[in-house]
Amino acid sequence: MHSPKDLEKYRGSYSERGLMNKLSAVAKKAGIKAVYAVLLLYYALQSPQTSTKDKSIIYGALGYFILPLDLVPDFIPLAGFGDDLGALVWAISRVVANITDEVRQQARTKLHDWFGDYDQSQLRDVE
């Protein structure tokens, strides 16, 4: 799993536009868990209560997700988003205090927009 030092180097790769472009292009391929993890971090980032330190971790994880070539390139079937999901879940574990019920609801609402009805038990590993 990536450490904060490793993830923070990807901070410069983050932009809201880049994130939304990547999500819209790969949402189905990346899978509901990865998309949910991205959305949790994205909505936590929007919160004024999220500290600068936690925002730095979030920027790094989302920047890593945006980059097409990382430890395991995203185009590799089945494994391509595994490293991204690992980095995202690690970041969530570091900023968990910012993952409020409101953040979860915002992320689930967006998931429903993109995936329709889904089995919420699929999300347990991410939270």
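For the structure, see preceding data.
Just so it is clear, the structure is predicted and the values come from calculations on it, not from any experiment. (Residues numbered from 1 in each chain as written. Predicted model: local features only at pLDDT ≥ 70, side-chain atom pairs only at ≥ 80, totals over all residues. Heavy atoms only, no water.)

**Q** Go over the pattern of salt bridges with me, naming the residues and quoting the values.
**A** For the structure on display, the rule yields two salt bridges. Salt-bridge contacts for K33 lead to D125; the nearest nitrogen and oxygen are separated by 2.9 Å. Here D125 lies in the segment after α6 (101-115) and K33 lies in helix α3 (residues 32-46), a separation of 92 residues in the sequence. Taking relative accessible area as the criterion, K33 reaches 30% and is therefore assigned partly exposed. (Salt bridge = Lys/Arg side-chain N within 4 Å of Asp/Glu carboxyl O. Helix = DSSP H or I, 4+ residues; strand = E, 2+ residues; numbered from the N terminus. Buried < 20%, exposed > 50% of the residue type's maximum accessible area, 1.4 Å probe, protein only.)

**Q** Talk me through helix α4 (residues 52-66); I want residue IDs and the actual numbers.
**A** For α4, which comprises 15 residues, the first-to-last C-alpha distance of 21 Å matches the rise-based estimate of 21 Å (1.5 Å per residue) to within 8%. For α4, every residue scored as buried is listed here: D54, S56, I57, I58, G60, A61, L62, G63, Y64, F65 and I66. (Expected span 1.5 Å × (residues − 1).)

**Q** Lay out the packing of aromatic side chains with the relevant residues and their values.
**A** Summed over all chains, the structure comprises two aromatic pairs. Summarising the aromatic geometry, the rings of Y14 and Y59 are spaced 5.1 Å apart at their centres and angled 55° between planes, so their arrangement reads as tilted. Remark: Y59 occurs in helix α4 and Y14 occurs in the loop between α1 (4-8) and α2 (16-30); sequence separation between them is 45 residues. Looking at Y14, the relative accessible area reads 15%, which means it is buried. (Phe/Tyr/Trp six-rings, centres within 6.5 Å; stacked < 30°, edge-to-face > 60°.)

**Q** Outline the environment of Y43, supporting the account with residue identities and numerical values.
**A** As for its position among the elements, Y43 is in helix α3. For the pair Y43 and Q106, spaced 63 residues apart in sequence, the C-alpha separation works out to 7.1 Å. Not counting residues up to four positions away in its chain, the partners in contact with Y43 are V103, Q106, A107 and K110. (Contact = heavy atoms within 4.5 Å.)

**Q** Describe the packing of α3 against α4, listing the residues and the values that go with them.
**A** The N-to-C vectors of α3 and α4 enclose an angle of 140°; their axes lie 10 Å apart at closest approach. Regarding the angle of α3 to α4, the classification is oblique. When you trace α3 past α4, the crossing you get is left-handed. When α3 is examined against α4, the residues V38, L41, Y42, A44 and L45 are found in contact with a partner set consisting of K55, I58, Y59, A61, L62 and F65. Of the residues that constitute the contact of α3 with α4, the class distribution is ten nonpolar, no polar and one charged. (Axes fitted to C-alpha atoms, helices over the stretch in contact; angles between N-to-C directions. Parallel < 35°, antiparallel > 145°, perpendicular 65-115°, else oblique. Left-handed = near helix turned anticlockwise from the far one by under 90°. Nonpolar A, V, L, I, M, F, W, Y, C, P; charged D, E, K, R; others polar.)

**Q** Explain the nonpolar core to me, and be specific about the residues and the numbers.
**A** Core analysis: the largest hydrophobic core is formed by 38 residues, its most contacted members being L19, L40, L41, L62, L88 and L111. Ranked by residues supplied to this core, first place goes to α3 with 13 residues. Setting aside chain neighbours within four positions, we find L40 in contact with I92, I99, V103, R104, A107, V126 and E127. (Core = buried A, V, L, I, M, F, W, Y, C linked by side-chain atoms within 4.5 Å.)

**Q** Run through the side chain of D54, naming residues and quoting values.
**A** As for its placement among the helices and strands, D54 is situated in helix α4. In this structure, D54 is buried with no salt-bridge partner, the nearest side chain bearing the opposite charge being K53 at 5.7 Å. If sequence neighbours within four positions are ignored, D54 has contacts with R94, V95 and N98. (Lys, Arg positive; Asp, Glu negative; His and termini not counted.)

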